[in-house]
Amino acid sequence: MQLALTPDGRWDYATADLVQAASAAGFTAVGVNADRVEAAAVDAYAAAGVRCHELLALIVSDDETATMTSAELLADRAETVGAEWVLTVFTAKVPPQRIQRCAKLFDDVGSGMAVEYTPLGAIPSIGDGMEVVRAAGRAGRAGLMIDSWHFCFSDNTWDDLAAVPLDDIAYLQFTDALEPEYRERMIRESLHRRALPGEGILELDRFATTLREKGYDGIVSVEVLSAEVRELPVDVLVGRLYATTAPYWI
């Protein structure tokens, strides 16, 4: 299993400090937001000895021009940093041809489209996500990104999770969650009230066991979007993220 780190877009740590702390903690890969990709960031990755497993993120909307402009920019950034996947989030259902155009842009630079499904968006289930993966796969490499928060708050079952073919999984994002304060404000819960693995209410043991027993041995990227932990020193935060994630997978 490969443990990786997905950054919170609200962190203000320097990229060099983040990747160095991640490497020291034991992570082998670190994601990066597209607006952080520059020559110094590429050098920082090389110096820390970690790779970039994900570029964040393409937002696919009903605005075709905006979507394709963003996809072209992200393809360029993915090539620069050597990202294995471009995380792709859908705010609208769009024609397969548009999905395929984006997937081809990424494939042309050696990256894949990681399709994120979420009950809070336009692709709310594993089945919906797999339809997008199949469409994208006609033009480039594509896979489903499965987030423990999104799965546990979705209507999908454990059987649905176990049925996802291994070859169709891009990677996993892993996090826990606090008991929601307001069920009608789940976007806020997702962005600000996640928890370190094992410190919340999600069935993470069952999530990890289900995937491990089916033979998953890929990337597990911890993503804790939490107002509570954002102010910690980078080495303390990253160390805690690794220490709470590793027992589930290693």
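See above for the structure.
Residues numbered from 1 in each chain as written. Predicted model: local features only at pLDDT ≥ 70, side-chain atom pairs only at ≥ 80, totals over all residues. Heavy atoms only, no water.

**Thoughts on the sheet that holds strand S2 (residues 29-30)**
Logical step 1: Here we have nine strands laid out as an open sheet, ordered S2-S1-S11-S8-S7-S6-S5-S4-S3, and parallel in their pairing. Whereas interior strands pair on both sides, the edge strands pair on one side only; in this sheet they are S2 and strand S3 (32-33).
Logical step 2: Direction of pairing for S3 relative to strand S4 (residues 54-60): parallel, over a ladder of two bridges. If you follow asparagine 33 over to S4, its bridge partner there is leucine 56. (Pairing = 2+ DSSP bridges. Helix = DSSP H or I, 4+ residues; strand = E, 2+ residues; numbered from the N terminus.)

**Observations regarding the pairing of strand S6 (residues 112-116)**
Logical step 1: Along S6, five of the five residues are buried, which leaves the element largely enclosed by surrounding structure.
Logical step 2: Of the two faces of S6, the one holding Gly112, Ala114 and Glu116 and the one holding Met113 and Val115 are both buried throughout.
Logical step 3: Relative to S6, strand S5 (residues 85-90) runs parallel, the two sharing four bridges. Note that in S6 the partner of valine 86 across the bridge is methionine 113.
Logical step 4: As a crossover connection, the stretch from S5 through helix H4 (residues 96-108) into S6 is right-handed.
Logical step 5: Alignment of S6 against strand S7 (residues 142-147), held across four bridges, turns out to be parallel. Across the sheet, residue glutamate 116 finds its bridge partner in S7, namely methionine 145. (Buried < 20%, exposed > 50% of the residue type's maximum accessible area, 1.4 Å probe, protein only. Right-handed = clockwise from strand over helix to strand, strands pointing away.)

**Some details on helix H10 (residues 234-249)**
Logical step 1: For H10, spanning 16 residues, the distance from its first C-alpha to its last is 23 Å, which sits close to the expected 22 Å at 1.5 Å a residue.
Logical step 2: Every buried residue of H10 is listed here: Val234, Leu237, Val238, Leu241, Tyr242, Thr244, Thr245, Ala246, Tyr248 and Trp249.
Logical step 3: Looking at the buried positions of H10, the neighbouring elements they touch are strand S1 (2-5), helix H1 (15-25), strand S8 (169-174), helix H9 (204-213) and strand S11 (219-222). (Expected span 1.5 Å × (residues − 1). Contact = heavy atoms within 4.5 Å.)

**Considerations on the nonpolar core**
Logical step 1: In this structure, Leu5, Phe207 and Trp249 are the most contacted members of the largest nonpolar core, which totals 89 residues.
Logical step 2: Per-element tally for this core: the top contributor is H10, with eight residues.
Logical step 3: Not counting residues up to four positions away in its chain, the partners in contact with tryptophan 249 are Met1, Leu3, Leu172, Phe174, Phe207, Ala208, Leu211, Arg212 and Val220. (Core = buried A, V, L, I, M, F, W, Y, C linked by side-chain atoms within 4.5 Å.)

**Structural notes on the pattern of salt bridges**
For side chains of opposite charge, pairing can occur when their charged atoms come near one another.
Logical step 1: In this structure the tally under the stated criterion is 12 salt bridges.
Logical step 2: As a salt-bridge pair, arginine 101 and glutamate 64 come within 2.7 Å of each other at their nearest N and O atoms. With arginine 101 in helix H4 and glutamate 64 in helix H3 (residues 64-81), this residue pair connects regions lying 37 residues apart in the sequence.
Logical step 3: Judged by its relative accessible area of 41%, arginine 101 falls in the partly exposed class. (Salt bridge = Lys/Arg side-chain N within 4 Å of Asp/Glu carboxyl O.)

**Focus: the packing of aromatic side chains**
Logical step 1: This structure, assessed with the given rule, holds eight aromatic pairs.
Logical step 2: Here the aromatic rings of phenylalanine 27 and tyrosine 242 are separated by 5.1 Å at their centres, their planes lie at 85°, and the arrangement is edge-to-face. Taken as a pair, phenylalanine 27 in the loop between H1 and S2 and tyrosine 242 in helix H10 lie far apart in primary sequence, 215 residues in all.
Logical step 3: Residue phenylalanine 27 is classed as buried on the basis of its relative accessible area of 2%.
Logical step 4: Ring pairs connect the aromatic residues Phe151, Trp158, Phe174, Phe207, Tyr248 and Trp249, which therefore count as one cluster. (Phe/Tyr/Trp six-rings, centres within 6.5 Å; stacked < 30°, edge-to-face > 60°.)

**Considerations on H4**
Logical step 1: Given a rise of 1.5 Å per residue, 13 residues ought to cover 18 Å, and the 18 Å separating the end C-alpha atoms of H4 matches this to within 8%.
Logical step 2: Taken together, the buried positions of H4 are occupied by Arg98, Ile99, Cys102, Ala103 and Phe106. Take H4 and look down its axis: the buried residues cluster within an arc of 135°, on one side only. Opposite the buried face of H4, by more than 90 degrees, sit the exposed residues Gln97 and Asp108.
Logical step 3: Taken together, the buried residues of H4 touch S4, H3, S5, S6 and helix H5 (126-136). (Arc of directions from axis to C-beta.)

**What about the side chain of threonine 88?**
Logical step 1: Relative to the elements of secondary structure, threonine 88 occurs in strand S5.
Logical step 2: Take threonine 88: its relative accessible area is 0%, and that puts it in the buried class.
Logical step 3: In terms of polar contacts, threonine 88 uses its side chain to reach the backbone carbonyl oxygen of valine 86, at 3.1 Å.
Logical step 4: Leave out the neighbours within four places in its chain, and threonine 88 touches Leu58, Val60, Phe106, Met113, Ala114, Val115 and Glu116. (Polar contact = N/O pair within 3.5 Å; in protein donor to acceptor, adjacent residues only side chain to side chain.)

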